[in-house]
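Survey of secondary and tertiary structure
Next come the chains, spelled out residue by residue.
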Amino acid sequence: MGAPKWVVAPLALLLLLQLAGASHDVRRSLEAEAASPSVPASILSPLLRTGYHFQPPMNWINDPNGPLYYKGWYHLFYQYNPKGAVWGNIIWAHSVSRDLINWIALDPAIKPSIPTDQFGVWSGSATILPNGTVAMLYTGIDRPGTNYQIQNIAFPKDPSDPLLREWVKPGYNPIAIPEAGMNATQFRDPTTAWHAGDGLWRMLVGGLKPGTLRGMAILYRSRDFKHWVRAKHPLHSALTGMWECPDFFPVREPGHPDGLDTSEFGPHYKYVLKNSLDLTRYDYYTVGTYNNRTERYVPDNPTGDVYQRLQYDYGNFYASKTFYDPAKNRRVLLGWANESDSVAHDNAKGWAGIHAIPRKIWLDPSGKQLLQWPVEELDQLRGKAVSVGDKVVMPGQHFEVTGLQSYQSDVEVSFEVPSLDKAEPFHPAYANDAQKLCGMKNADVKGGVGPFGLWVLASDNLAEKTAVFFRVFKDGHGKPLVLMCSDPTKSSLTAGLYKPTFAGFVDTDISSGKISLRSLIDRSVVESFGAGGRTCILSRVYPSMAIGKDAHLHVFNNGVTDIKVSKLTAWEMKKPMMNGA
Ligand code: DQQ
């Protein structure tokens, strides 16, 4: 994919981005396009289209929009180009599901049709009103070529239709416009609205303070959901560049796996504020406190917006959105995984972009971060299984997991590390730069405790493989630190692909010697959950040989300490109903 229009940042911001060393999307486009004028045949293999990740039959897809549960159906709308495999002509495509895994495509739900959205219907969110009906807030573009952004509302034409097939836009649109002094081209993506027990609705719109790098969650209030007034100050802001697709929701007490409705207000609840950072193309969040009288959100970690940042996912995962699922009393996270190949490749394939597997999210027992886990409904796709237990992998050794087709599989491993004595010293300069550390210490760089983990989508001769692994360090006080990496640098022999190494630290107590890994392998995507969903990494990879039945699965250990696989189970995954494809 090319950098869509809204991605193109002024030069100053790009410079900042380079200094931060944090971009992946922008750099990917430039490198890949320069290096790949022709399209290798392997890229076009139908076996590289994902088997069980959310994808339309063809064309470009980006942000999930307005997810909700309504009268027995899950609804997923998404940014979609009906005319091609690059960003443009965006409409809200619409799919429904009984289980978040099998999807049926319906006709598009929201298209440009009124003066206030005639040049674009961009991202937005659903709110279920007290009378049970749905209000859909979304960004409209109302003039050509300028990306001037305003907020609109739409309602189901027939609320008794569980499939919510038709949508109407009331004549009182727009419901919010950029006022004088606001940045009209950086003002988008309204959240699900909430009320806080005082008769007032609130919603957030992502923004950027004019002439600055201050990203903002702009706060609006309304009594009737029709007239919205901007609060004097944003709910929260930070000097990190434009905040796209903000999301804001309460969470139950630490360790409690249930979710809360967005409007469930209690002074003891913690809140999560997420922003999708246009500069880096990652989704960052903080956990904090929300005061509905001062209308301020305060992160628990005072530097959590800028340093020590938590990401939902450290890989290809952006513009995500959560919703409360009353059917299972949980909060579910949906995110867009962009491509890792070039526009030429996307055009030749005829499609670009998928969504991550829906994840249940809840607050970790520490209260400091979220835990994420694929929704339980995914397990219905598990077929033939292979298990390995109590197997020691000695330094420099690896073994193949045989007896299943692993190119479309779900792999769960529990590792045991008998000793942390040989863990490498940790250099504090990398405390906020896991990605750089992993780039230097990739899967082939020998360590002390690790790197150990999985080689997935590996070719017969191991010339191609994607490594998902842990590496354990020790800080100056002897405290172990765990790094989780996804290293795709050898994932393909195809020239010119963008293959960034993704990484995050794992906040887990490894002094017990135990750590787990789950990887959802799906032909050209590897979506991994470290230590029970403490750190997650999704990578797009396009092997040239390790395709279909030619893809293998190995466990490897490239450290100097033995590693034990106490249990590994791998399941072949069946294909669900996927939008008719
Ligand atoms: N995608 C939408 C915008 C949003 C961006 C346009 C994030 O509303 O800010 O397709 O990927």
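Bear in mind that the values here come from a model prediction, so they are computed numbers and not experimental data.

Describing the overall build of the chain
- Helix and strand counts for the chain come out as 4 helices and 38 strands.
- Sorting the 581 residues of the chain into buried and exposed places 63% on the buried side.
- Residue pairs in contact within the chain that sit at least 24 positions apart in sequence constitute 66% of those at least 6 positions apart.
- Counting only carbon and sulfur atoms, one obtains 55% of the accessible surface of the chain, whose full area is about 20,800 Å².

Examining the site of the ligand
- Around the ligand sit 13 residues, and of these Asp-63, Gln-79, Trp-87, Arg-188 and Asp-189 come closest.
- At a separation of 2.7 Å, a nitrogen atom of the ligand approaches a polar side-chain atom of Asp-63.
- Separating an oxygen atom of the ligand from a side-chain N or O atom of Gln-79 is a distance of 2.6 Å.
- Protein chains bury 100% of the 310 Å² of accessible surface belonging to the ligand in isolation.
- Only strand 1 (59-70), strand 5 (121-128) and strand 20 (318-325) provide two or more residues apiece to the shell around the ligand.
- Its residues placed into classes, the shell around the ligand shows 6 nonpolar, 3 polar and 4 charged.

Let's talk about the sheet that holds strand 7 (residues 149-156)
- The sheet built from 4 strands is open, its strands ordered 5-6-7-8 with antiparallel pairing. Bordering the open sheet on either side are strand 5 and strand 8 (167-168), each of which pairs with just one other strand.
- Judged from the 2 bridges that link them, strand 7 and strand 8 form a sheet pairing that is antiparallel. Residue pairing across strands places Phe-155 opposite Val-168, the latter belonging to strand 8.

Regarding the UniProt feature "domain: Glycosyl hydrolase family 32 N-terminal" (unreviewed entry) in the chain
- The UniProt feature table records "domain: Glycosyl hydrolase family 32 N-terminal" (unreviewed entry) at residues 53-374.
- Helix makes up 2% of residues 53-374 and strand 46%, with an end-to-end C-alpha separation of 12 Å.

Conventions used here
- Residues numbered from 1 in each chain as written.
- Predicted model: local features only at pLDDT ≥ 70, side-chain atom pairs only at ≥ 80, totals over all residues.
- Heavy atoms only, no water.
- Helix = DSSP H or I, 4+ residues; strand = E, 2+ residues; numbered from the N terminus.
- Buried < 20%, exposed > 50% of the residue type's maximum accessible area, 1.4 Å probe, protein only.
- Contact = heavy atoms within 4.5 Å.
- Areas by Shrake-Rupley, 256 points an atom, 1.4 Å probe, with all protein chains shown as cover.
- Near = heavy atom within 4 Å.
- Polar contact = N/O pair within 3.5 Å; in protein donor to acceptor, adjacent residues only side chain to side chain.
- Nonpolar A, V, L, I, M, F, W, Y, C, P; charged D, E, K, R; others polar.
- Pairing = 2+ DSSP bridges.
- UniProt positions renumbered as here; feature names shortened; annotations may be inferred.

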